[in-house]
Amino acid sequence: MPGLLGKKIGMTSVFSADGKNVPCTVIEVGPCVVTQLKTVEKDGYEAVQVGFQDKKEKHTTKPEMGHFAKAGVTPKRHLAEFKGYETEYKLGDVITVDLFADVDYVDVAGTSKGKGFQGVVKRHGFGGVGQSTHGQHNRLRAPGSVGACSYPARVFKGTRMAGQTGNAKVTVSNLQILKLIPEHNLLLLKGSVPGCKGSIVTIEK
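Residues numbered from 1 in each chain as written. Predicted model: local features only at pLDDT ≥ 70, side-chain atom pairs only at ≥ 80, totals over all residues. Heavy atoms only, no water.

Caption draft 1: Structural context of the overall build of the chain. What the chain contains, in helices and strands, is three helices and 12 strands. Expected size for 205 residues packed as a compact globule is a radius of gyration near 17 Å; at 23 Å, the chain overshoots this value by more than 25%. Seen through its C-alpha atoms, the chain measures out along the principal axes to roughly 70 × 50 × 35 Å. For the chain, with 205 residues in total, the buried portion stands at 32%. (Helix = DSSP H or I, 4+ residues; strand = E, 2+ residues; numbered from the N terminus. Rg over C-alpha atoms; globule rule 2.2 N^0.38 Å. Buried < 20%, exposed > 50% of the residue type's maximum accessible area, 1.4 Å probe, protein only.)

Structural data, given as structure tokens:
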């Protein structure tokens with residue numbers, strides 16, 4: 001689906017037409033520059049590669065410099081590919097937040113906040129084992145049994161256990177666009193978006 005790269009600014013709230021206070025996330029969308037055009041003949045599929053946020057040349061590798069020079073654009077910090085654009089773009093074209101002018105809902109993907117190594121109660125919502133009294137003192141937040149008895153005498157793959165929580169790609173679908181501010185490249189979406197302030201997200205129709 002066609003989309004753009006953006007940066008999460010933070011959260012706020014706005015009043016709807018019927019007077020309700022609606023929480024929303026502010027995202028700076030673009031402007032993104034077309035850095036490469038993928039074709040079926042050369043790459044096996046059609047897509048448009050866009051770049052977001054300028055990067056200093058001293059922080060750019062030689063292969064990247066050649067890639068951006070071929071497109072005639074300055075080095076970009078973040079790149080992403082999108083398919084299905086209705087408009088035919090050329091190298092160096094700028095795509096702004098106006099892409100979502102006639103759209104009511106979008107999908108947003110970002111990297112969730114990392115929470116480190118967590119137990120099963122926080123990671124998977126387990127209820128804990130047993131009661132907090134009657135002789136037991138250290139099993140309340142434990143996962144309980146994880147394996148079978150005699151057969152197959154092993155722990156099944158995918159068993160929910162403690163481990164690294166967060167810091168993974170998360171996609172939130174069908175977020176309503178509350179307001180579009182083209183002069184500042186801002187998009188106000190109803191509800192929350194994964195990631196911390198300043199994180200990079202992809203917004204798709």
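Caption draft 2: Layout of the nonpolar core. Judged by nonpolar contacts, the single largest core of 27 residues is most densely connected at Tyr85, Phe100, Leu189 and Ile203. It is strand 4 (residues 47-54) that contributes the most residues to this core, three residues altogether. If you look at the next biggest cluster of nonpolar residues, it comprises five residues, including Val26, Ile181, Leu186 and Leu188. (Core = buried A, V, L, I, M, F, W, Y, C linked by side-chain atoms within 4.5 Å.)

Caption draft 3: Spatial organisation of the sheet that holds strand 3 (residues 32-38). Read across the sheet, four strands follow the order 5-4-3-6 without closing on themselves; strand pairing throughout is antiparallel. Two strands lie at the open edges of the sheet, namely strand 5 (76-82) and strand 6 (94-95), each paired on one side alone. In terms of strand pairing, strand 3 meets strand 4 through five bridges, oriented antiparallel. Each residue of the ladder has a partner; that of Leu37, found in strand 4, is Val48. (Pairing = 2+ DSSP bridges.)

Caption draft 4: Representation of the packing of aromatic side chains. Counted by the stated rule, this structure contains one aromatic pair. Judged by centre distance (5.4 Å) and plane angle (90 degrees), the ring pair of Tyr85 and Tyr89 falls under edge-to-face. Summarising the burial analysis for this pair, Tyr85 and Tyr89 share the class buried. (Phe/Tyr/Trp six-rings, centres within 6.5 Å; stacked < 30°, edge-to-face > 60°.)

Caption draft 5: Examining the pairing of strand 2 (residues 21-29) more closely. In the sheet, strand 1 (residues 3-15) pairs with strand 2 via nine bridges, with the strands oriented antiparallel. Across the sheet, the residue bridging to Ser13 is Pro23, located in strand 2. As consecutive antiparallel partners, strand 1 and strand 2 are separated by five residues, and within that stretch Gly19 has a phi angle of approximately 90 degrees, a positive value.

Caption draft 6: Focus on a nonpolar patch on the surface. Together, Val146, Val155 and Met161 line one region of the surface with nonpolar side chains, adding up to about 200 Å² of accessible area. Of note, Val155 is situated in the loop between helix 3 (120-124) and strand 9 (163-165). (Patch = residues over 30% accessible without salt bridge, like charges linked within 9 Å, V, L, I, M, F, W, Y side chains within 5 Å. Areas by Shrake-Rupley, 256 points an atom, 1.4 Å probe, with all protein chains shown as cover. Salt bridge = Lys/Arg side-chain N within 4 Å of Asp/Glu carboxyl O.)

Caption draft 7: How the structure looks around the pattern of salt bridges. Counting across every chain of the model gives four salt bridges. Linking Lys38 and Glu81 is a salt bridge whose minimum nitrogen-to-oxygen distance equals 2.5 Å. Of this pair, Lys38 sits in strand 3 while Glu81 sits in strand 5, placing them 43 residues apart in sequence. The class of Lys38 is buried, set by a relative accessible area of 13%. Among the salt bridges present, the one from Asp54 reaches Lys76, with a minimum N-O distance of 2.4 Å. In this pair, Asp54 is assigned in strand 4 and Lys76 in strand 5, connecting sequence segments 22 residues apart. Taking relative accessible area as the criterion, Asp54 reaches 52% and is therefore assigned exposed.

Caption draft 8: The arrangement of the side chain of Ser199 in detail. With respect to the element layout, Ser199 can be found in the loop between strand 11 (186-190) and strand 12 (200-204). Take Ser199: its relative accessible area is 15%, and that puts it in the buried class. Only 2.7 Å separates the side chain of Ser199 from the backbone oxygen of Cys196, close enough to count as a polar contact. (Polar contact = N/O pair within 3.5 Å; in protein donor to acceptor, adjacent residues only side chain to side chain.)

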